[in-house]
Number of protein chains: 2
Amino acid sequence: MKKVTMKDIAIKAGVSKATVSMVLNKKDGSISAETKNKILKIAEELNYIPNGVARSLSTNKSETIGIILPDIINPFFSEIARAIEDTASKLNYNVIFCNTDSDVYKEINYTKLLISKLVDGVIFITGGKSNHPLEILQSNNVPFVLVDRDVEDQDNYCGVYCLNKEGVIQGLEYLISKGRKNIAFVTGNKGLKVSKQRIEGYKDVMSKYDMFKENLIFESDFTIEGGMEITEKIISENKEIDSIFYSNDIMALGGLKVLLRRGFKVPGEISVIGFDNINISNFTEPELTTIAQPIYEMGKQSCETLIDIIDGNAVNNKIYFKPELIIRGTT
Amino acid sequence: MKKVTMKDIAIKAGVSKATVSMVLNKKDGSISAETKNKILKIAEELNYIPNGVARSLSTNKSETIGIILPDIINPFFSEIARAIEDTASKLNYNVIFCNTDSDVYKEINYTKLLISKLVDGVIFITGGKSNHPLEILQSNNVPFVLVDRDVEDQDNYCGVYCLNKEGVIQGLEYLISKGRKNIAFVTGNKGLKVSKQRIEGYKDVMSKYDMFKENLIFESDFTIEGGMEITEKIISENKEIDSIFYSNDIMALGGLKVLLRRGFKVPGEISVIGFDNINISNFTEPELTTIAQPIYEMGKQSCETLIDIIDGNAVNNKIYFKPELIIRGTT
């Protein structure tokens, strides 16, 4: 297997390889316009493409970055990944993507693999326990930016986040302004800082209105199945519930499905609100009311910040985006 | 910015760089067990990672492949991408992903970029007009495998496909067996071979039962908005329609939403059937009846085939997967 080389062009043009090299590297002051054009034309015809890897060994830059994320099938992550790749591509970077299922051993393996490929940096969406892989990146002086999630017991890393607590507060204030009182809150994995921040928002607002009950907080997986299971439990145990606030849209879509199947009127009997505003949150009927994270902007920002670090520019270590309440059909 | 190098290890161990190199490259016959262990321990402590790029220049293999696809946000493509990355990772390959929006100019740019990065091969989900980018890959002897879609006027490329026509036949036979007669068919972009194959299935079955009417075929985009718009048109123009067969699930989900919003009983008044069986086709209530493509298997197969070609193994040039009718709530 062999790429088209300068030698192939030289043979076809009847010139030396050195001449081809001078023309293609634009060091062609001494070469006639005729020869120059001939060489460029042949390079085009043969679909010659310069070897970027040889260049990256000499410049020590591969113009490739990695994204380490839990699962590209999850729409929240695929939307971030799209934003990152769009941005990287505009800045002439390629993106290697890696699915970890939030498993720290996979994170470590991918981290090592990415370093061995000489990536210039990594965007890391952690499963929450990524201290060791981040340490490996630091030892090798590979810059990284976290997105969405922080690592436990560590908050000095560079990252792009959403103001999670503020988002929950907005949503609850809206529900309460509509006369809702018995509001269940479904959190994802309580170990994640994003979950803690969202629960905090719930506690603050419900306590403020003297409506806080610990047993209205439910934990489940950040998945559609997680949303379905916990909703079965909520409606079987709590007859007086008038609203359910889910910590992400996927769970809310699972919950909505169960409510509709069980014959509940949404929002007539039970209001539903999600978090994220992934594209498919308006696929359903009724469409999902949610707290929008500016997902695309967050992905774009993480990539721009990473490339700024790679280029040696100063950056803000922590960037926070504001969430926004999007009122649709489920409230 | 500097990775941990053999020199760093040598300094810390108080040995020469040559000694470190011999140990790490397992040419350590002449080195004492003590020195060997010391070097390995320091390499581990410093998080030393070998330079895979230098190796790839000498072996001419980067152990990296590219996926060129229209849009990672589309669940059909993110599911294929996940299968490819899982498979690649098990075989020690990394995956660079590229979003083209089915734009041939973006396909060309990404193709050149991937070749310059010395990828060992490319999995290409074409927008339909990719003759030029495929030619560039061929000129540079970079192997590729198509998935799902073929290129216009060309069918001698290696590829992994689903038997689209057979899928539509299965779905229609089922609808007709349930007494449905006025079945509208929504195709995506008619220029794509996958669309042509699906339309062919519709024509064959409907003609067989003497129920074919050209004006029951509707064209729209392969998107949720495409499904919504065309469904508004279908229900306003055709009062007698009892079923709608959409050429992909995303369109069907858009259509289902419009039908529910307009107060139609699904499946009581109108049955709905999709194509693909993407994960979210069972997010809705009722859940979508669809023709399942074995998406994960197709992605896995495409990656295995590509790596077989890279490794010089013989492969089947065309691999066809069978679709399967999944009966759920909308029929």
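Residues numbered from 1 in each chain as written. Chains lettered and ligands numbered in written order. Predicted model: local features only at pLDDT ≥ 70, side-chain atom pairs only at ≥ 80, totals over all residues. Heavy atoms only, no water.

Re the overall build of chain A
- The secondary structure content of chain A amounts to twelve helices and twelve strands.
- Taking the principal axes of the C-alpha coordinates as reference, chain A spans close to 85 × 40 × 30 Å.
- When the 331 residues of chain A are sorted by exposure, 56% land in the buried category.
- A sequence separation of at least 24 residues applies to 68% of the contacts in chain A between residues at least 6 apart.
- Element-wise, carbon and sulfur atoms account for 49% of the exposed surface of chain A, whose accessible area totals about 13500 Å².
- Across chain A, the mean location of the 40 positive side-chain charges is 5 Å away from that of the 44 negative side-chain charges. (Helix = DSSP H or I, 4+ residues; strand = E, 2+ residues; numbered from the N terminus. Buried < 20%, exposed > 50% of the residue type's maximum accessible area, 1.4 Å probe, protein only. Contact = heavy atoms within 4.5 Å. Areas by Shrake-Rupley, 256 points an atom, 1.4 Å probe, with all protein chains shown as cover. Lys, Arg positive; Asp, Glu negative; His and termini not counted. Charge placed at Lys NZ, Arg CZ, Asp CG, Glu CD.)

Re the confidence of the model for chain A
- Chain-level pLDDT for chain A is 93 on average; 100% of the residues reach the 70-or-more range.
- Both confidence scores are given for the complex: pTM 0.92, ipTM 0.92. (pLDDT = per-residue confidence, 0-100.)

Concerning the UniProt feature "domain: HTH lacI-type" (unreviewed entry) in chain A
- Under the UniProt annotation, "domain: HTH lacI-type" (unreviewed entry) lies at residues 4–59 of chain A.
- Helix makes up 66% of residues 4–59 of chain A and strand 0%, and the two end C-alpha atoms of the span are 22 Å apart. (UniProt positions renumbered as here; feature names shortened; annotations may be inferred.)

Let's talk about empty space enclosed by the protein
- Taken as a whole and judged by the stated rule, the model has four cavities of 30 Å³ or more.
- Volume-wise, the largest cavity comes out at about 180 Å³.
- If you trace the largest cavity, you find 14 residues lining it, with Val53(A), Thr64(A), Lys117(A), Val53(B) and Lys117(B) closest to the centre.
- Within the residue set of the lining of the largest cavity, elements represented by two or more residues are helix 4 (52–59) of chain A together with helix 4 (52–59) of chain B.
- Top contributing element to the lining of the largest cavity by residue count: helix 4 of chain A, with three residues.
- Here the lining of the largest cavity is built from residues that sort into five nonpolar, seven polar and two charged. (1 Å grid on protein atoms, 1.4 Å probe; cavity = no way out; pocket = protein on both sides within 12 Å on 5 of 7 lines; lining within 4 Å. Points joined across faces, edges and corners; volume = space filled by probe spheres on them. Nonpolar A, V, L, I, M, F, W, Y, C, P; charged D, E, K, R; others polar.)

A short note on the side chain of Asp249(B)
All names here are of chain B.
- Here Asp 249 shows up in helix 11 (residues 249–261).
- It turns out Asp 249 is buried and unbridged, and the closest side chain with the opposite charge, Arg 328, is 6.1 Å from it.
- Other than its neighbours up to four places away in sequence, Asp 249 contacts Gly 274, Phe 275, Asp 276, Asn 277, Ile 278, Ser 281, Leu 288 and Thr 290. (Salt bridge = Lys/Arg side-chain N within 4 Å of Asp/Glu carboxyl O.)

What to know about the relation of the copies chain A and chain B
- Between the two copies, chain A and chain B, the superposition gives an RMSD of 0.0 Å; the rotation angle is 180° and the shift along the axis is 0.0 Å. Taken together, the rotation and translation describe the operation of a two-fold axis. Taking C-alpha positions as the reference, the residue of chain A nearest the rotation axis is Ile96(A), at 2.1 Å.
- Comparing contact sets, 100% of the residues at the interface of chain A also lie at the interface in chain B, consistent with an isologous, same-surface contact. (Least-squares fit on C-alpha atoms with pLDDT ≥ 70 in both.)

Remarks on the state of the cysteines
- With the rule as written, the count across this model stands at zero disulfides over all chains.
- You can see Cys98(A) has no disulfide; the closest cysteine sulfur is in Cys303(B), sitting 14 Å from it.
- Of all cysteine sulfurs in the structure, the one in Cys303(A) sits closest to Cys158(A), which takes part in no disulfide; the separation is 13 Å. (Disulfide = S-S within 2.5 Å.)

Thoughts on the interface of chain A and chain B
- With 65 residues of chain A in contact, the opposing surface of chain B contributes 65 residues.
- Where chain A packs against chain B, one counts ten salt bridges.
- The closest approach of N and O atoms between Asp71(B) and Arg82(A), which form a salt bridge, is 3.1 Å.
- The interface formed by chain A and chain B holds 36 residue pairs in polar contact (both at pLDDT 80 or more) in total.
- Of all elements in the fold, only helix 4, strand 1 (64–69), helix 5 (75–90), strand 2 (94–99), helix 6 (104–116), helix 7 (131–139) and helix 11 (249–261) of chain A reach the threshold of two or more residues within the side of chain A that touches chain B. (Polar contact = N/O pair within 3.5 Å; in protein donor to acceptor, adjacent residues only side chain to side chain.)

Quick look at the nonpolar core
- Formed by 148 residues in total, the largest nonpolar core has its most connected members in Ile65(A), Phe245(A), Ile65(B) and Phe245(B).
- For Ile65(B), the residues in contact, after removing those within four places along its chain, are Ile84(B), Ala88(B), Tyr93(B), Asn94(B), Val95(B), Ile96(B), Val119(B), Gly121(B), Ile123(B), Cys303(B), Leu306(B) and Ile310(B).
- Ranked by size, the runner-up nonpolar core spans 40 residues in total, among them Val122(A), Ile108(B), Val119(B) and Tyr161(B). (Core = buried A, V, L, I, M, F, W, Y, C linked by side-chain atoms within 4.5 Å.)

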